[in-house]
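# Architecture at a glance
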Amino acid sequence: GTGYGYGTRRNEESVIILYSNKDAKTSDTSSFVSAKDATSKCEELNIVTIQSRVKNHCVAIVKNNNSASNMHVQRYLPDGKGKLELVGRGKKDEQDDFAPPYWGQTKLHWDILTKYFLVADDILSKLDVILKRIHRNNTVVVLTTNSGHASMLMNFVCSCRARGFSLDNVLVFATDPDAHQVARNLGLESFYDSSIFGHIPSKAAKSYGDHDYAKIMFAKVLSPHLVNVLGYDILFMDVDVVWYKDPVPLFQDKSNPLFEFDMLFQDDGARSLRFAPYAANTGFFFARHNERTRYFFISMLYHADMIQRTRSHQAVVASLLPEFNSLVGLKVKTLQDTDFPGGFHYLRRKDTMRRIVQGKETPWIFHMHWTASIEDKLRYMKQFGIWYVEDNCAVNGEVLVSDSEICCSATPVVTCTYLDLPSVEQCKGKKHESLRNKGASSFW
């Protein structure tokens, strides 16, 4: 189900299969056989993935005479005393990416859930009316924002207007009254309720993973759950996404192999333990409504106290995806990275970015993640030619005017800042303010 798309050599594509007895073994005696032939006699196939970059990585296959196969991997690390110690999946040196939430974090989460459960029926009743009116082929595009990030929402709208994309099936979950008004001024369907979003900060997070960021992430838990539980497929996006092509028909196409998957995610680019094994980015994903995804989003709601501890919505999603893949057969796909690029490519894959700028490749979308702050997002997006908001309507991320007729530019509003980062060709040869990375060479 995973597909990373960075290019793989033959030995990285090879798989070792152990057979429980000779009857399960393929009759083909070649050194390499196809996956179909190798598994043709298997009554059950259990797959274990390992991180190939870890030195001295050992995998033990142990026969269990007392019960069925263990569907979880038990992980051991040296304890410093000559023994191996059982640890969690997030343990690395002195750091643990999946340490349990503190009691105070869980208690606070209980209070938030209690408020939600008391009004859930009323919220769902109101949303049901909206969703029945705006869905397209049972699919809704879902975004969420506070007023601190509303300029990014405005840019998404303006970029879609410039490219001629319809936004009639977009629903914005606004987490404060000002963001709600901005969304409505832009002509979008917007939903706001203080009983479920009142605790979320209205200002932009100062940096990725800070305390406000963790609080804001609760809206990313609640909004897809609310739409999914009412029976709709979801394209969920962060507001720092722009479309080159409308991605919704791709996921709705029954002839496309992607149609068989329950959930499909943009590749985050990170290959860290806490995002393993799918490297799923939660700022752009598609989820089909079924009993598996419904239970997944409900479980995310119950596990949201972990977001406060990990300071990452994405890490908590990453922890549940393999569990649901194993437990209920949730089919998860990581999308081809160059079709759905983002901040990882902007900062680490200049060749890919150059092909996009030169028109040699046209991705479906671009997601400006992998940024430390909203200020970085603005600089990068303006330089890369994916910013469509007039300067007099938003300053330093703050929305001053939210009228799309006045604020949306038909062409990108470009500001060239960093010589060494990807930029549109009109930045080529221009004087830039600085280098983003000391000692780096020009992007061009």
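Presented here is a report on the structure given in the accompanying data block. (Residues numbered from 1 in each chain as written. Predicted model: local features only at pLDDT ≥ 70, side-chain atom pairs only at ≥ 80, totals over all residues. Heavy atoms only, no water.)

### Overview of the state of the cysteines
All chains considered together, the criterion is met by three disulfides. Each sulfur in the disulfide pair C393 and C407 lies 2.1 Å from the other. What sets the handedness of the C393 and C407 disulfide is the S-S torsion sign, and at about -85° it is left-handed. Here C393, found in the loop between α15 (374-384) and β14 (394-395), pairs with C407, found in helix α16 (residues 404-407); they are 14 residues apart in sequence, far enough to count as distant. Grouping residues by exposure puts C393 and C407 together as buried. Disulfide pairing places C416 opposite C427 at an S-S distance of 2.0 Å. (Disulfide = S-S within 2.5 Å. Helix = DSSP H or I, 4+ residues; strand = E, 2+ residues; numbered from the N terminus. Buried < 20%, exposed > 50% of the residue type's maximum accessible area, 1.4 Å probe, protein only.)

### Description of the sheet that holds strand β6 (residues 170-174)
Here seven strands make up an open sheet; going across it, the order is β7-β6-β5-β8-β11-β10-β12 and the pairing mixed. Of all strands in the sheet, those with a lone pairing partner are β7 (189-191) and β12 (332-334), marking the two edges. Along the sheet, successive strands turn relative to each other by an average axial angle of 30°, direction set aside. As judged from the three bridges shared by β6 and β7, these two strands associate in the parallel manner. Opposite V172, over in β7, you have S190 as the bridge partner. Of the strands in this sheet, β5 (139-145), β6 and β8 (233-237) are in contact with helix α4 (residues 150-163), which crosses β5 at around 145°. (Pairing = 2+ DSSP bridges. Axes fitted to C-alpha atoms, helices over the stretch in contact; angles between N-to-C directions. Contact = heavy atoms within 4.5 Å.)

### Here we look at empty space enclosed by the protein
Counted according to the given criterion, the structure contains one cavity of 30 Å³ or more. Considering only enclosed or pocket space, the largest cavity measures out at about 50 Å³ in volume. Every residue along the wall of the largest cavity is listed here: K220, V221, P224, M263, F265, F285, F296, F297, M300, H313 and V317. Taken together, the elements giving at least two residues each to the lining of the largest cavity come down to α8 (218-229), β10 (263-267), α10 (291-302) and α12 (313-327). (1 Å grid on protein atoms, 1.4 Å probe; cavity = no way out; pocket = protein on both sides within 12 Å on 5 of 7 lines; lining within 4 Å. Points joined across faces, edges and corners; volume = space filled by probe spheres on them.)

### Observations concerning the packing of aromatic side chains
Overall, the coordinates contain 22 aromatic pairs when judged by the stated rule. Between F265 and F285 the ring centres are 5.2 Å apart and the planes differ by 35°, which places this aromatic pair in the tilted class. Residue F265 is located in strand β10, and its partner F285 is located in strand β11 (residues 280-287); the two are separated by 20 residues in the primary sequence. Taking relative accessible area as the criterion, F285 reaches 4% and is therefore assigned buried. Taken together, F236, F265, F285, Y295, F296, F297 and F324 form an aromatic cluster joined through their ring pairs. Over the aromatic face of Y102 sits the side chain of R309, whose NZ or CZ is 3.9 Å from the ring centroid. Looking at R354, its charged tip hangs above the ring of F443, at a distance of 4.6 Å from the centre. (Phe/Tyr/Trp six-rings, centres within 6.5 Å; stacked < 30°, edge-to-face > 60°. Lys NZ or Arg CZ within 6 Å of the ring centre and 35° of its normal.)

### Things to note about helix α14 (residues 350-357)
Within the span of α14, buried status applies to T352, M353, I356 and V357. Projection of α14 onto a plane perpendicular to its axis shows the buried side chains occupying an angular sector of 135°, all on one side. In this structure, the buried residues of α14 make contact with α13 (343-348), β13 (365-367) and α15. Once α14 ends, the next one or two residues include G359, with phi positive near 80°. (Arc of directions from axis to C-beta.)

### Digging into the pairing of strand β1 (residues 75-78)
Where β1 lies against strand β2 (residues 84-87), four bridges are found, and the strand directions are antiparallel. Bridge pairing links P78 to L84 in β2.

### Comments concerning the side chain of Q105
With respect to the element layout, Q105 can be found in helix α3 (residues 103-134). According to the relative accessible area criterion, Q105 is buried, its value standing at 17%. At a separation of 3.4 Å, a polar atom in the side chain of Q105 contacts the main-chain carbonyl oxygen of Q308. In this structure Q105 touches D305, Q308 and R309, once residues within four positions along its chain are discounted. (Polar contact = N/O pair within 3.5 Å; in protein donor to acceptor, adjacent residues only side chain to side chain.)

So yeah, pure geometry; function would need other evidence.
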